[in-house]
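Structure assessment
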Amino acid sequence: MTARERREQLLGVARTLFAERGFEGTSVEEIAARADVSKPVVYEHFGGKEGVYAVIVDREVEALLTALSGALAERGHPKQLVERAALALLDYIESSPDGFRMLVRDSPVAQASGTFSSLIGDVAAQVEHLLAHQFEKRELDASAAPIYSQMLVGMVALTGQHWAEVREPAKEEVAAHLVNLAWNGLSDFERDPVLPSQGDRDVSPG
C-alpha cells in the first residue's frame, strides 16, 4: 500500500471499531490488529488513538453539516425546507451508519456539549435565521425564532437517532411524518401561545 492507501485503511478500520465500542473501548492495539499492521504504523500516521478519532470525527461532521446546510440553503417553501433537512439527515444515516453512530455514541443530541450537540447547534443557528424571516413575514414575534429552531432541529435529530437503530419505516415515510408534525403545528400557529392551565386560571376547581 502507498502511505495514502494505508492511512485510509486505518481510518476505515478505526471508524468501525469506534462505532462498535466507542472511544474509550477502542485501543491502538485493536486498530493495528484489525488492519494487520504493527502499532508503530498507527502512531506514525496519526500519533495515537486521539489523532485517528479526531480525523474521523472531523470528516463526519463536515459531511453531515454540508448535507444539512445544503438542504437549508436551497430556496423554497418552508415546508420543503423541513422535508429536505429531514431527508438530508436520514440519507446521511443510511449512507454512513458507522459515522453517525460515532457522533452520537459519545455526544448524543440530548447532551449539553460535545461534537454532535455542537453540530446540531450550528444547524439550529441556520434554521433560526430562516424562521425569523418567516415570522416577520407573518407579523409574528421574531424574538421567539431561536427557541423554535431548537425545537425543530432537536425533533429531527432525535428522530434520526431513533431511526438509526430501528431502520423502519422507510426514510421517506419518517420524513413525511416529521413534516406532518412540524408543518401542521406551524400552519395553525398561535400568535401568543399559553398553556391550557394558564388560560383557565379564572376557572374555580370542581
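Labelled according to an unreviewed UniProt entry, the chain appears under the name TetR family transcriptional regulator, originating from Demequina activiva.

This next bit is on the overall build of the chain. Tallying secondary structure elements over the chain gives 10 helices and zero strands in all. Counting helices and strands in the order they occur from the N terminus, the chain gives α-α-α-α-α-α-α-α-α-α. When burial is assessed residue by residue, the chain has 39% of its 206 residues classed as buried. Here the contacts in the chain between residues at least 6 apart in sequence split such that 61% fall between residues at least 24 apart. As displayed, the chain offers around 11,700 Å² of accessible surface, 52% of which is attributable to carbon and sulfur atoms.

Per the UniProt record, the feature "DNA-binding region" (unreviewed entry) sits at residues 27–46. Secondary structure content for residues 27–46 is 80% helix and 0% strand, and the end C-alpha separation is 13 Å.

At a closest axis distance of 11 Å, the pairing of helix α1 (residues 3–21) and helix α3 (residues 39–46) adopts a crossing angle of 105°. Compared by their axis directions, α1 and α3 come out roughly perpendicular. Where α1 abuts α3, its residues Ala-3, Arg-6, Arg-7, Leu-10 and Leu-11 lie against Val-41, Val-42, His-45 and Phe-46. Its residues assigned to classes, the contact of α1 with α3 comprises six nonpolar, one polar and two charged.

Cut-off values and rules
Residues numbered from 1 in each chain as written. Predicted model: local features only at pLDDT ≥ 70, side-chain atom pairs only at ≥ 80, totals over all residues. Heavy atoms only, no water. Helix = DSSP H or I, 4+ residues; strand = E, 2+ residues; numbered from the N terminus. Buried < 20%, exposed > 50% of the residue type's maximum accessible area, 1.4 Å probe, protein only. Contact = heavy atoms within 4.5 Å. Areas by Shrake-Rupley, 256 points an atom, 1.4 Å probe, with all protein chains shown as cover. UniProt positions renumbered as here; feature names shortened; annotations may be inferred. Axes fitted to C-alpha atoms, helices over the stretch in contact; angles between N-to-C directions. Parallel < 35°, antiparallel > 145°, perpendicular 65-115°, else oblique. Nonpolar A, V, L, I, M, F, W, Y, C, P; charged D, E, K, R; others polar.

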